[in-house]
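Listed below, chain by chain, are the residues.
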Amino acid sequence: MFAEELTKIKEAETQADQIIKDAKAYTRKSKSDTQAEVDGLISEAESRAKDAYDELLKEGSAEADAKYAEYMAGISKKCDDMAKAAEDSMPQAVDMIVERIVKSSVNS
């Protein structure tokens, strides 16, 4: 009877050791699987972040280009207006310069 009890105890210990080994193997596999899943999620998040960054950069660049073109069109219009005003004032300027030169020559 003692031998049977001892055999049962050894079998129970063997089963316990096997359960522990199985649990450790399961834990290692679970940890490995979880790490792989985390790495995949991180990679996906980085990819999404890069896509969002690229899209925002593209939108910002397009908006900046549009504002630049609008600003340059306004400046070009002002330059054209100034050139037209100068052209319109040209006869008066010439008359004034001629008058001063003539007066200066006559008075000398």
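Sequence order as written defines residue numbering, which begins from 1 separately in each chain. Where totals are concerned, whole chains, interfaces and linings use all residues; where local detail is concerned, this predicted model gives features only for residues with pLDDT of at least 70, and gives and counts side-chain atom pairs only at 80 or more. Here the side-chain values reflect all heavy atoms present in the structure, with hydrogen atoms and water set aside.

A word on the overall build of the protein chain. Along the backbone of the protein chain there are one helix and zero strands. A compact globule built from 108 residues would reach a C-alpha radius of gyration of about 13 Å, whereas the protein chain, at 45 Å, exceeds it by more than 25%. Dimensions of the protein chain along its principal axes, counting C-alpha atoms only, are 150 × 25 × 10 Å. Scored against the burial criterion, the 108 residues of the protein chain give a buried share of 0%. To measure how exposed things are, a 1.4 Å probe is used in the Shrake-Rupley method; for residues, cover is taken only from the protein chains shown. Surface exposure of the protein chain reaches about 10000 Å², of which carbon and sulfur atoms provide 61%. Helix and strand labels come from DSSP, where a helix needs a run of H or I of at least four residues and a strand needs a run of E of at least two; each type is numbered from the N terminus. Radius of gyration: C-alpha atoms only; globule rule: 2.2 Å multiplied by the number of residues to the exponent 0.38. Each residue is placed in one exposure class: buried if its accessible area under a 1.4 Å probe, protein chains only, is under 20% of its type's maximum, exposed if it is over 50%, and partly exposed if it falls in between.

With that out of the way, let us pick up the pattern of salt bridges. We define a salt bridge as a side-chain nitrogen of Lys or Arg found within 4 Å of a carboxyl oxygen belonging to Asp or Glu. Tallying each qualifying case throughout the model produces six salt bridges. One salt bridge connects R48 with E44, and the closest N-O pair in it is separated by 3.1 Å. With R48 and E44 both in helix α1 (residues 2–107) and four residues apart, this pair spans about one turn of that helix. Its relative accessible area of 57% is what places R48 among the exposed residues. Close ionic contact of K84 with D88 constitutes a salt bridge, the shortest N to O distance being 3.2 Å.

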